[in-house]
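Residue-level structural notes
The residues making up each chain are set out below.
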Amino acid sequence: MTLTPPPADRYISHANLDIAAEVAIQLEQPLLLTGEPGTGKTTYARHLARTFGEQTGEGELPLLMFETKSTSAARDLFYHFDHLGRFHAAHDDKMPSDNRDYLSFNALGAAILRSRPAAEVADLLPEHRRPCRCVVLIDEIDKAPRDFPNDILNEIERQYFRIPELGLRTIVADPDYRPLVVLTSNSEKNLPDAFLRRCVFYHLPFPDPAAMRDIVRANLDGEPALTADAIDFFYALRTLELDKPPATAELVGWLKALRGRGASSARTLAEVRQIVQGTLGVLAKTAEDLERVRAHAKEKLGALAGDAQY
């Protein structure tokens, strides 16, 4: 199936990335995306939810996100059980005694439940009305403990999970509505080989200036006149020795800030140096980086009259 974006979709995708997603869907494997922050890994999951649903006639698919933490355990991907609340209930006759009242479902667990007929899971997901497919985003999986990816191998591959608190009740995804799983990694640490073998991998390179102009045009209504100059300035900053080089999101946010402060009609950044000075904090995220960025701006755009600190 070819994933072509509908008109409302502002994500500028790579042809090969869409092919990788199609292969992942065909092989029923997770799609693993790597790349530095700001290359569009997280946004692609939203794009996939729109495009796949449009192509299949299901409409935009629900997108469920799991934000991985350094303390994440395998079960956290599926559900949370309030052990403390259940403990208090054991000593208070007024509190519910059914374990189901202390369950809440997280991204992949909720997606698997939503794939089942409503009658089968009404006791766990009473708001569920009909089977549907979801896109599940497991964001920044490399933040998790080393064992986390291996601990979820079988569950992700076979799309099921067990709930020990309900007597090992097992919930298996309906094959017709298997969740589409997208994982992202900033490559802060290596993922286990066994896990990688069960994923379809794609690395998103940082956009070149031509692609960045397309991204900016897609995300800003009415492209600012100074876009070309701003993009050149942005890429020049990325050549500096910054602790946190600005990414795509920072560029788009900066252009919005420039426009909001009246710079949208300027042809060059030098014409609006005062506005540029006040918005450099969108691009630099540490005191040291901001000092370097200000020095670069002074060199390229010229100093501000009466501002010795610029």
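A brief report on the enclosed structure follows. Everything numeric here is computed off the predicted structure, so don't read it as measured data.

The rules we used
- Residues numbered from 1 in each chain as written.
- Predicted model: local features only at pLDDT ≥ 70, side-chain atom pairs only at ≥ 80, totals over all residues.
- Heavy atoms only, no water.
- Phe/Tyr/Trp six-rings, centres within 6.5 Å; stacked < 30°, edge-to-face > 60°.
- Helix = DSSP H or I, 4+ residues; strand = E, 2+ residues; numbered from the N terminus.
- Buried < 20%, exposed > 50% of the residue type's maximum accessible area, 1.4 Å probe, protein only.
- Lys NZ or Arg CZ within 6 Å of the ring centre and 35° of its normal.
- Axes fitted to C-alpha atoms, helices over the stretch in contact; angles between N-to-C directions.
- Parallel < 35°, antiparallel > 145°, perpendicular 65-115°, else oblique.
- Left-handed = near helix turned anticlockwise from the far one by under 90°.
- Contact = heavy atoms within 4.5 Å.
- Salt bridge = Lys/Arg side-chain N within 4 Å of Asp/Glu carboxyl O.
- Pairing = 2+ DSSP bridges.
- Expected span 1.5 Å × (residues − 1).
- Arc of directions from axis to C-beta.
- 1 Å grid on protein atoms, 1.4 Å probe; cavity = no way out; pocket = protein on both sides within 12 Å on 5 of 7 lines; lining within 4 Å.
- Points joined across faces, edges and corners; volume = space filled by probe spheres on them.
- Nonpolar A, V, L, I, M, F, W, Y, C, P; charged D, E, K, R; others polar.

Topic: the packing of aromatic side chains
Taken as a whole, this structure holds 8 aromatic pairs when the rule is applied. Here tyrosine 79 and phenylalanine 161 contribute two aromatic rings whose centre-to-centre distance is 6.4 Å and whose plane-to-plane angle is 35 degrees, an arrangement assigned as tilted. In this pair, tyrosine 79 sits in strand 3 (residues 79–81) while phenylalanine 161 sits in strand 6 (residues 160–163), placing the two residues 82 residues apart along the sequence. No difference in accessibility class separates tyrosine 79 from phenylalanine 161, as the two residues are buried. Taken together, the aromatic side chains of Phe78, Tyr79, Phe105 and Phe161 make up a single cluster linked through ring pairs. When the ring centre of phenylalanine 206 is taken as origin, the NZ or CZ atom of arginine 238, which lies over that ring, is 3.6 Å away.

Considerations on the packing of helix 1 (residues 15–27) against helix 2 (residues 41–56)
Remark: helix 1 packs on helix 2, axes separated minimally by 12 Å, with the N-to-C direction vectors making an angle of 65 degrees. Taken together, the axes of helix 1 and helix 2 lie roughly perpendicular to each other. Here helix 1 runs over helix 2; the crossing is right-handed. Along the contact surface, helix 1 presents Leu17, Asp18, Ala21 and Ile25, while helix 2 presents Tyr44, His47, Leu48 and Phe52.

Considerations on the pattern of salt bridges
Inspection of every chain in the model, using the stated rule, returns 13 salt bridges. Ionic pairing is found between arginine 198 and glutamate 157, a salt bridge with its closest N-O pair at 2.9 Å. Residue arginine 198 is located in the loop between helix 8 (193–196) and strand 9 (200–203), and its partner glutamate 157 is located in helix 7 (residues 153–158); the two are separated by 41 residues in the primary sequence. Looking at glutamate 157, the relative accessible area reads 37%, which means it is partly exposed.

Let's talk about the sheet that holds strand 5 (residues 135–139)
Spatially, 2-5-8-1-9 is the arrangement adopted by the 5 strands of the open sheet, whose pairing is parallel. In the strand order of this sheet, the two ends are held by strand 2 (63–67) and strand 9, each with one partner. If you compare each strand with its neighbour and ignore which way they point, the axes differ by 20 degrees on average. Note that strand 5 and strand 8 (residues 180–185) share 4 bridges and pair parallel. Across the sheet, the residue bridging to valine 135 is leucine 180, located in strand 8. Its contacts with the sheet put helix 1 on strand 1 (31–34), strand 8 and strand 9, and the angle it makes with strand 9 is roughly 165 degrees. Sheet strands in contact with helix 4 (residues 107–114) are strand 2, strand 5 and strand 8, and its direction is about 155 degrees off that of strand 2.

A short note on the side chain of threonine 248
Following the sequence through the fold, threonine 248 ends up in helix 11 (residues 248–260). Take threonine 248: its relative accessible area is 8%, and that puts it in the buried class. The residues touching threonine 248, leaving out its near neighbours within four places in the chain, are Gly38, Phe206, Pro207, Met212, Ile215 and Phe234.

Focus on helix 13 (residues 287–301)
Taking 1.5 Å of rise per residue, the 15 residues of helix 13 would be expected to cover 21 Å, and the 20 Å separating its terminal C-alpha atoms lies within 8% of that figure. Every buried residue belonging to helix 13 is among Asp289, Leu290, Val293, His296, Ala297 and Leu301, and all of these are buried. The buried side chains of helix 13 occupy one side of the element, clustering within an arc of 125 degrees when seen end-on. Exposed residues lying more than 90 degrees from the buried face of helix 13 are Ala287, Glu291 and Glu299.

Here's the deal with the environment of glycine 59
Structurally, glycine 59 is set in the loop between helix 2 and strand 2. Sequence spacing of glycine 59 and isoleucine 231 is 172 residues, and the spatial spacing of their C-alpha atoms is 35 Å. Discounting chain neighbours no more than four positions away, the residues touching glycine 59 are Ala49, Gly53 and Glu54.

Topic: the layout of surface pockets
Its boundaries defined by the atoms lining it, the largest pocket holds a volume of some 630 Å³. Lining the largest pocket are 28 residues, with Gly38, Thr39, Gly40, Thr43 and Thr248 sitting closest to its centre. No other element matches the 4 residues that helix 11 contributes to the lining of the largest pocket. Every element with two or more residues in the lining of the second largest pocket is listed here: helix 1, helix 2 and strand 8. Taken together, the residues that form the lining of the second largest pocket break down as 13 nonpolar, 2 polar and 3 charged.

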